[in-house]
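Remarks on the overall topology
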Amino acid sequence: MRVSFPFSAIVGQDEMKLALLVAAVDPRIGGVMVFGDRGTGKSTAVRALAALLPPMPVVPGCRYHCAPGETGCPSPELHRAGKATAPVPFVDLPLGATEDRVVGALDLERALGAGEKAFEPGLLARAHRGFLYIDEINLLEDHLVDLLLDVAASGENVVEREGLSVRHAARFVLIGSGNPEEGELRPQLLDRFGLSVEVRTPQDLPTRVEILRRCDAFERDGTAFAERWAKAERKTLKQIAKGRDLLRRVAVPDAVLTRASELCLAVGADGLRGELTLMRSARALAALEGDDAVSADHLCRIAPLALRHRLRRNVLDETGSTARIERALAELFA
């Protein structure tokens, strides 16, 4: 089995790692958009987090990655076959993928060979209960991005074509990455992502040297390197598991909700999606850290990730979105 680079061994990129952990605790946040330089560990971090999570219970033979007892499975007869486990899915969606490849289509082999109408599940079925990763998402065709975001929001994939009518669960954490130099994502699509992260190439010498040292050690003997980080990985896994268990019990005081709305008003965030995401992500962060209530500190730390991609450009203000959010936070919590 291929050994993945340990999540805990990734040097720096703290904001990206925090966003991925928060999304792992509460997938309803709506995925993570990672913009930044090439070669900064974006795909490595997502693969590492997926590999870190424990195997999930599945129905043997089910091509939709359904959990035992899950309702609405297109193959209900398989649920009597018992239980099994499988790694948490990590699906890499290629830029050249067709819509049929993504959502699924008629199984031509069975249609031509046996004369049966059967559905061939697509990438969305494979990603169910896991991660769907799209590199260079700003180069993906807009209609596919629309489709993916709709399914990620609803948690369900509906296919109506060639006389087939199939509906199956498709709940996954959508991770998109891209380089702004190669084109921007449309604002109305970017707004649909829960969190947005900016990553940059480290500029300090010690950090760059440590990255080289760890990458070299992993390439020489990946198994031994993973074993050295096993304790830290178990600690992170335990933190995620506790966060998921605590999430429903985390309280969000009215004072925090008021601050969240005041912040969104202050920075001019469009709609209410920003406030809802800010509330959910602050609650997930509190759960991740073992707190039973959301505090102003949780709100301040997660606000740039939840809001920076939702701000309208202000021609009278040349500062970036992050700076505008930080300035508004400073004024609100002065």
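Residues numbered from 1 in each chain as written. Predicted model: local features only at pLDDT ≥ 70, side-chain atom pairs only at ≥ 80, totals over all residues. Heavy atoms only, no water.

We now examine the packing of helix α1 (residues 14-25) against helix α2 (residues 42-52). Axis angle and axis distance: for two packed helices, these are the angle between their axes and the distance between the axes, and together they describe the pair. In the contact formed by α1 and α2, the axes pass within 11 Å of each other and the chain directions differ by 35 degrees. Considering only the axes of α1 and α2, their crossing is right-handed. Residues Met16, Leu20, Leu21 and Ala24 of α1 lie in contact with α2, whose contacting residues are Lys42, Ala45, Val46 and Leu49. Per-class residue counts for the contact of α1 with α2 are seven nonpolar, no polar and one charged. (Axes fitted to C-alpha atoms, helices over the stretch in contact; angles between N-to-C directions. Helix = DSSP H or I, 4+ residues; strand = E, 2+ residues; numbered from the N terminus. Left-handed = near helix turned anticlockwise from the far one by under 90°. Contact = heavy atoms within 4.5 Å. Nonpolar A, V, L, I, M, F, W, Y, C, P; charged D, E, K, R; others polar.)

Now for the pattern of salt bridges. Following the criterion strictly, the structure yields 15 salt bridges and no others. Salt-bridge contacts for Glu210 lead to Arg213; the nearest nitrogen and oxygen are separated by 2.4 Å. Of this pair, Glu210 and Arg213 both sit in helix α8 (residues 205-220), separated by three residues, roughly a single helical turn. Residue classification places Glu210 among the partly exposed residues on the basis of a relative accessible area of 21%. Taking the shortest distance from any N to any O, the salt bridge between Arg259 and Glu262 comes out at 3.0 Å. In this pair, Arg259 and Glu262 are both assigned in helix α11 (residues 254-267), three residues apart and thus about one turn of the helix distant. With relative accessibility at 30%, the residue Glu262 sits in the partly exposed group. A cluster of three or more residues bridged by salt bridges with shared partners is formed by Glu15, Glu198 and Arg308. (Salt bridge = Lys/Arg side-chain N within 4 Å of Asp/Glu carboxyl O. Buried < 20%, exposed > 50% of the residue type's maximum accessible area, 1.4 Å probe, protein only.)

The subject of this paragraph is the packing of aromatic side chains. Following the criterion strictly, the structure yields five aromatic pairs and no others. Arranged with centres 6.0 Å apart and planes meeting at 25 degrees, the rings of Phe90 and Tyr133 form a pair that is stacked. On the criterion of sequence distance, the pair formed by Phe90 in strand β4 (residues 90-92) and Tyr133 in strand β7 (residues 131-134) is long-range, its members being 43 residues apart. Since its relative accessible area comes to 3%, Tyr133 is described here as buried. (Phe/Tyr/Trp six-rings, centres within 6.5 Å; stacked < 30°, edge-to-face > 60°.)

Counting 62 residues, the largest nonpolar core has Leu20, Val32, Leu49, Phe131, Leu263 and Leu278 as its most contacted members. With 37 residues, the next largest nonpolar core counts Met33, Val91, Phe119 and Ile137 among its residues. (Core = buried A, V, L, I, M, F, W, Y, C linked by side-chain atoms within 4.5 Å.)

This part is about the sheet that holds strand β10 (residues 173-178). Strand pairing within a sheet occurs via backbone hydrogen bonds; the two strands may be parallel or antiparallel. Within the open sheet, the five strands sit side by side as β4-β7-β10-β1-β11. Their pairing is parallel. At either end of the open sheet lies a strand with only one pairing partner, and these are β4 and β11 (195-199). Here the strands of the sheet are splayed against their neighbours by 20 degrees on average, with no regard to which way each runs. Docked against the sheet, α1 engages β1 (32-36), β10 and β11, running at close to 155 degrees with respect to β11. (Pairing = 2+ DSSP bridges.)

Among the structural elements, Ser281 can be located in helix α12 (residues 273-288). Note on Ser281: relative accessible area 0%, which makes it buried.

A few words on helix α10 (residues 230-246). Every α-helix winds through 3.6 residues per turn, so residues three or four apart in the chain are directed the same way. Spanning 17 residues, α10 covers 24 Å between terminal C-alpha atoms, matching the ideal 24 Å at 1.5 Å per step. When we look at burial in α10, the residues that qualify are Glu233, Thr236, Ile240, Gly243 and Leu246. One face of α10 carries all of its buried residues, which in axial projection span an arc of 160 degrees. Across from the buried face of α10, at angles greater than 90 degrees, the exposed residues are Lys231, Arg234, Lys235, Lys238, Lys242 and Asp245. Against α1, α2 and α12 lie the buried residues of α10. (Expected span 1.5 Å × (residues − 1). Arc of directions from axis to C-beta.)

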